[in-house]
Structures are given as structure tokens and as C-alpha cells.
Amino acid sequence: MKPLNRHLRGWRRHGFGQRRPSIVAGAESVQTQPEMLLKTAIESTPHGLCIFDADLRVLVSNSHFAEMYGLTPAQTRPGTPLREILNSRVAASYSPPDAARYIADCLSNAGSGETHHATDELRNGTIIAVSRHPMLEGGLIEIHSDVTDARLAEARAEAARQELIENQYAIDQAVIVGVTDLRGVITYANDNFCKISGYSRAELLGQNHRILKSGMHSKAFFRKMYRCIANGEVWRGELCNKAKSGALYWVDTVITPQLGADGKPIGYMAIRIDITARKHAEAQISYAATHDALTGLLNRAALLERMNQTLAHMRQQQRGTLTVQILDLDGFKHVNDTLGHAAGDNLLRELAGRLKSSLRETDIIARLGGDEFAIIQTDATDQREDAIALAVRTLEMVAKASILDGQEVCVGTSIGIALAPVNGTDAAELLKKADLALYRVKSEGRNSFSFFDEDLSEKAITRLQLVNDMRAALSRNEFELHYQPLFDTRTSRPCGMEALVRWRHPVAGLLYPDRFIGIAEETGLMEPLGQWVLQRACADAVSWPESIKVAVNLSAGQFRSGALFDVILCALVESGLPPERLELEITESLLLQGKESNVLVIQQLKNIGITIALDDFGTGYASLSYLLMFPFDKIKIDKSFTQGLLTRTDCMAVVASILTLARGLEIAVTAEGVETNSQFELLRAQGVNYVQGYLFGRPRPLAELDFSALELILRADDAA
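Treat the numbers as computed from the prediction; the structure is a model and nothing was measured.

## Re the overall build of the protein chain
Along the protein chain, the regular secondary structure elements total 26 helices and 27 strands. Its C-alpha atoms give the protein chain a radius of gyration of 38 Å, more than 25% over the compact-globule value 27 Å for 720 residues. Burial status across the protein chain gives 45% buried among its 720 residues. Intrachain contacts of the protein chain at a sequence separation of at least 6 include 57% that bridge at least 24 residues.

Rendered as C-alpha cells:
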């Protein structure tokens, strides 16, 4: 409340909420920008908000406050006393049944000068949670929240839970009767007593009831029970007994004293109902609510509860440490994709067991979901060094090979670390910060660990803003295509244009793909963006000379939907562009997925006349066998090899090898990144079919393309 109090003090100094002389005669009072901003902030809150001065008169309120109590703006105008507002609520039937007590309690709590929380159930069935917070210079802030739906949902959930538990034990429910004397010696036992205890009647009669003692209850528990029945009172409770076999069973028990002529107990009759099944069900429900079903580890909710307990203890004692490590497996998706989800589940169970066995008894491990785990360390001697030691041990533990379906499988893990109290003492915030540190490890190569620092938080905010902006960018037409020419080395004429997407961000300006394509793929925005690029490129290319193709890059994400072929076909039909004038470029990352469906889609595209090119060849890890599996028409040599052609023998060797391979497979070759005449001449002499690079032109928007000028570029060089 301190920041808001500070704004309100400034607000009072400027007279907000009061009539002030106008600057121009006859004009309304002019509000300053801070006043307008504060008023906007108050109005935009999703809760009812009302601020009172020291005399409990309204300073300002928002429309939600009036609406949730059926009041008009005039009834909540500045200056209105709290009592008057309460009377208006009562008149509008927006108060609890006992209106007088309601008004008295509200006024008493508001004037107490202390923070107060209350929940009011109104006559119309609405449930309102009210928080009252006093301000430093007098007055208070009231926040009103409609919690009706939440309370009803809780009630329904509790009713469903109780019904489940009762149904589970009702079938086995039976009445068990036993009678003892004052010393606890069993004098009567019915069949159900014998059945549940495992003892025969002969074994029970004459024995002290302690024969059934389970050790689950304290001495104080029994002292309280005996004191009750010795006084002639009925005792009701739940008891855990031990059967002859050693098994424990639970009974809901009513013990009634049998009174003699003098009114004093002469014996005790116990009537019991077997609730063992219910107890087991409760234990299972409790376990399921706090544990991961696959691995048996704690789940996220239980982890947060444990963390909150530890952090609260740390704050109370003003000492102690807590270290959060979030683990995300590297390569787990490949296991699922190649061996199946059952194998992936087995791997998760095995890794969970390994990790748990390597920890101290005081450490906590949980599965957060998917292939993500969390480990909590407390009270470390040297927090940072202990965290590093644990991270290194975890990396080694996860890296050990596993045998799944007869195959050896290895995965790695990336670890993000946050420290309390250094990085804060809020459980959710610590998990978030550890997650940010994890993201850095993922982006920098994986299979390592990283500590959180504040710079990560700033980067995360920037990235989140970019994600949010990107979601709206397509509808706002902020993306545009620039085109870079490709030349035929044999004819020295332009033969194509590669479509390169750019984002004209309203604040950051023109952004290149390296700033947003990765985000698009991670957030699922690549599919709609890729569809737009295809449609726009085909529509643009229709107006070009017929000898000019348009080349469009496809990402692996566009293949996942299963609708890529239809999307491309629609783009061609709607634009009128012949399939022979469309070239699609894919990268080695798609090949590494090894999916037959991808091969089928590429073959279908090739069958209708579309050219298929393998982009950035030689930079990844794809096997050469993929050149036989996929029907490629063209290979594109990555610009890194082109630019090192004249200075590095290894680049020359790679280019020569690619050309030899391509000639043997009758696949055309394009060299990217050509920037000098020397590079071009050498590539042409080596037999490269097509070239592309700044030597022939930089990417330009559609409006700046001049095909006549492009025709002259290589011809001028040849003439020279």
C-alpha cells in the first residue's frame, strides 16, 4: 500500500476529487496528467475499489464498486459518507440479512485503523470478499472482490470429493460390536468383530482390549477417551486397530457406558463401523493431489507448499538458505518421437529414481510436468558452492545411459538455479527466476547449468513484450517481404527471387528474422506467419517475368500441422502462380526428424512441379543418405563456405566435395553469400549453377525491384 499512499498524498495536494477554479471562465476544471493516470488505473482494476478520507467520506471509487452493489454513480460520488453508502446497499438489497449488524461491523472495522478482511454473503446470493487497508495519513482503501463463483466451485468440489470417499467405503461398511468390563477385558464380540480382527471369538474373550493396540494413537488420546467414558459420557471418534495378522484397520467408533443401578459405569459397549476403505481412499486422494502419477515424486502444487513453509520459517528465524534448481531434459523429445511415449515414460521413471537416490534426506525433488523437474536444497553450508556441486552431480547422473526396448539411450539436462534469500523469498518468484536461468542454458547450448541474475529478468520482459507484439503483428500487417535475386551462372541472367520476411515493428523499426523467427517457432506462431509468407510471395511473383521463380523458406514447424500441402496449393490457386515458378527451401533440421510424413509431403509438392531445395547444406548433422531419401532438385551452399573460399583450404574442400556429390546425383547447386567478383568467378569455374549474394543485390521490397536493371548486372561484369 505504500506506493499508492504516496500517490494519494500527491493527489490530495493537487485537490483531486474537489472542484477547482477553471483556467478559462465557464470551462470545467482541468485535471493534471498524474490525476488522470491515477483515475485511469483505479478504473481499470477488475475489483471494486473505493478510497475514503479520514472522515470516512468517499475520495474516489471506480464503476465496479458501484455496479457490484447496485448503486448509481451519484450514490458513490466523492464526499459521500460510508454510512450513507451502506444504507444505500441495504435499500438495494445488496447486504447480508442482518443489515443493522452489517452496518455496525463495517463502520467499526473501517474506523479501527487496522487492516481487516471480511467476507459478506449478500441477500441476493452474491459473496463479496472485502479488504480494508488504512492509509498513513488517515482514511482507508477498500477492495471489494466478487468471489461467488470461486466459493461455489469449492463447495461443489468438496461435495464431489466426499461422495467419492463415501461410495468407496460404503460397500464394505459393517457394524462391529464389542463389550468390555471396566478394566477393558473383552466380554462380548460379534462375528464382524472376529472377522475384521482376525481372531476367533475364543481368542478374544477374556483378553484385554489392548490386544488390538496399533501404536497409532498417543497416550494422551486414550487418557481423554477413558476420562470421557468413566464419567458416563458417550465417546465418538476414529480408532486404528491392529488385526491378528499385523494389518491395521480403522473403525469409526461410538463407546457407550453401561450404567449400573447406582448410575455408574459397569462396562462399555463399543459399536464400530469399518472405515478402512475410506481411510485408504483419503490417503490415495491426498497422495494423488500432491504427487506425480508417473514418477511418484511431488508435483508442482506440493513443491510450492513445501517451499512456502521453508521460506516462511526462514523469514521468521531470519536465517537459513533455500536453493531452487529446475531441470529440463535435453533430447527427451527425440526419445518420445523415435521409441514412443511408453519408452519416454520409462525413462522419466528411471531418471526420477536416480535423482532421488542421489539427494540428501532433507532435499526435495518434484516433477513439474513433461520432462521438467525441480530440486530444492536447504540450509547449505556454502550455498553457491553446494549448488554447483549438486548441479554437476545431477548432470553426471542424468548423462548415464539407459536401456529402453533393448536400445542404449542417452539424454542430457539443462539446469537453472535461483538462490534464496539472494534472489528473493517468494516461492513462485524463485521458480520463475530459476526458469529464466534455465532458458539461458537452453539458448547457449544446453547440458549445463546457470545461476539467475537480474539481467535475465530484463531480457525475459523484453522477450515477452516481443511475443505479445508478434501475436498482433499479422493482423496489423506489420510483416513485409523483401526479395534477393538469384542468378544463373550459365546465362548470366536473373532466374529467381528469394522471399525474406521482415517485421516493421512500430517501435523497434525493421527487424530481421534472427530477432523473431525463433520466438515464432517456440510460441506456435510460425504456422500462421509461414502461411502468410507463402500467400504473399505467390501473389507478388505473378506480376514478374515468367522466367523468374520465387523461393520461399519453410520451417520444420510448418510440417507439424499436416496441412502444409493444402496451404501451398491454395496459395498457388488463389494467386494464379504456376507451380513451376515456386521453389521451396527446407533446412537439415527437418531431415533430422526422420518422419515419413515429411517425405510424403515433399514428394507431393515435387509431383505438381514445385522445385525443392536443401538450404544451408553442410552446416548441420544430417546424413548424406537424406539426399537419396528426399527428392531434392537443388542444394544451397551456406554462405560461411562461400566467404571462406579464397582464404581457407577447408572451405574450398567442402565446396568441391558438395559439387562432386551434386553432379553425381544430378542436383543443381546454388552458392549463397557471394560478395566479390573473385568468389563468383571461382564458383562459376567450379561448376556452381546459381549464385546469390550482395554482389548481385541486397534484399529489397517489392516496390523497389527493377528486373531490367538486374538483367545488366552480370552482363556488365562479363563485358568488363
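The rest of the description comes next.
## Some thoughts on the pattern of salt bridges
Evaluated as defined, the whole model comprises 28 salt bridges. For Arg 201, the salt bridge is made with Asp 191, and the minimal N-O distance between the two is 2.6 Å. With Arg 201 in helix H8 (residues 201-204) and Asp 191 in helix H7 (residues 191-197), the pair connects residues that are 10 residues apart, well separated along the chain. Asp 191 gets classed as exposed once you look at its relative accessible area, which sits at 55%. Across the salt bridge formed by Lys 333 and Asp 337, the nearest N and O atoms sit 2.7 Å from each other.

## Here's the deal with the sheet that holds strand E3 (residues 116-121)
Strand order in the open sheet formed by five strands is E2-E1-E5-E4-E3, with antiparallel pairing between adjacent strands. Two strands in the sheet have a free side with no partner beyond their single neighbour: strand E2 (58-61) and E3. For this sheet, the mean inter-axis angle between neighbouring strands, taken without regard to orientation, is 20°. For E3 and strand E4 (residues 127-134), the ladder comprises six bridges, and the chain directions are antiparallel.

## Observations concerning the packing of helix H4 (residues 82-91) against helix H5 (residues 99-110)
At a minimum axis distance of 10 Å, the contact between H4 and H5 shows a crossing angle of 150°. The angle between H4 and H5 places the two elements in the roughly antiparallel class. Here H4 and H5 pass one another in a crossing that is right-handed. Counted together, Leu 82, Arg 83, Leu 86, Asn 87, Arg 89 and Val 90 of H4 and Ala 99, Tyr 102, Ile 103, Cys 106, Leu 107 and Ala 110 of H5 form the full contact between these two elements. Partitioning the contact of H4 with H5 into residue classes produces nine nonpolar, one polar and two charged.

## Quick look at the confidence of the model for the protein chain
Overall, the predicted model of the protein chain reaches an average pLDDT of 86, with 90% of residues at or above 70. Of the regions scoring below 50 in pLDDT, residues 9-29 engages in 30 contacts with residues more than four places distant in sequence or in other chains. The low-confidence segment residues 168-173, where pLDDT is below 50, has 10 contacts with residues more than four positions distant or belonging to other chains.

## Remarks on helix H17 (residues 513-523)
Considered for burial, the residues of H17 that qualify are Phe 516, Ile 519 and Ala 520. End-on view of H17: buried residues confined to an arc of 105°, all on one side of the axis. Exposed and oriented more than 90 degrees from the buried face of H17 are Asp 514 and Glu 522. A positive phi of about 80° marks Gly 524, the residue just after H17.

## Section: the pairing of strand E19 (residues 493-505)
Across the 13 residues of E19, 11 count as buried, placing the element largely inside the fold. As defined by bridge partners, strand E18 (residues 479-488) adjoins E19 across 10 bridges and the pair is classed as antiparallel. Considered in E19, the bridge of Asp 488 is made with Arg 493. Between E18 and E19, which pair antiparallel in sequence order, lie four residues; one of them, Ser 492, sits at a positive phi of approximately 60°. Bridge count between E19 and strand E20 (residues 509-511): three bridges; the pairing is antiparallel.

## Here's the deal with a negative patch on the surface
Taken together, the side chains of Asp 426, Glu 429, Glu 454 and Glu 458 make up a negatively charged region of the molecular surface. Relative to the assigned elements, Glu 429 resides in helix H15 (residues 427-443).

## A look at the environment of Thr 187
Among the structural elements, Thr 187 can be located in strand E7 (residues 186-189). Expressed as a C-alpha distance, the spacing of Thr 187 and Gly 206, which sit 19 residues apart in the sequence, is 6.3 Å. Not counting the four nearest positions on each side in its chain, Thr 187 is found in contact with Val 179, Thr 180, Asp 181 and Leu 205.

Reading the values: rules and limits
- Residues numbered from 1 in each chain as written.
- Predicted model: local features only at pLDDT ≥ 70, side-chain atom pairs only at ≥ 80, totals over all residues.
- Heavy atoms only, no water.
- Helix = DSSP H or I, 4+ residues; strand = E, 2+ residues; numbered from the N terminus.
- Rg over C-alpha atoms; globule rule 2.2 N^0.38 Å.
- Buried < 20%, exposed > 50% of the residue type's maximum accessible area, 1.4 Å probe, protein only.
- Contact = heavy atoms within 4.5 Å.
- Salt bridge = Lys/Arg side-chain N within 4 Å of Asp/Glu carboxyl O.
- Pairing = 2+ DSSP bridges.
- Axes fitted to C-alpha atoms, helices over the stretch in contact; angles between N-to-C directions.
- Parallel < 35°, antiparallel > 145°, perpendicular 65-115°, else oblique.
- Left-handed = near helix turned anticlockwise from the far one by under 90°.
- Nonpolar A, V, L, I, M, F, W, Y, C, P; charged D, E, K, R; others polar.
- pLDDT = per-residue confidence, 0-100.
- Arc of directions from axis to C-beta.
- Patch = residues over 30% accessible without salt bridge, like charges linked within 9 Å, V, L, I, M, F, W, Y side chains within 5 Å.
- Areas by Shrake-Rupley, 256 points an atom, 1.4 Å probe, with all protein chains shown as cover.
- Lys, Arg positive; Asp, Glu negative; His and termini not counted.
- Charge placed at Lys NZ, Arg CZ, Asp CG, Glu CD.

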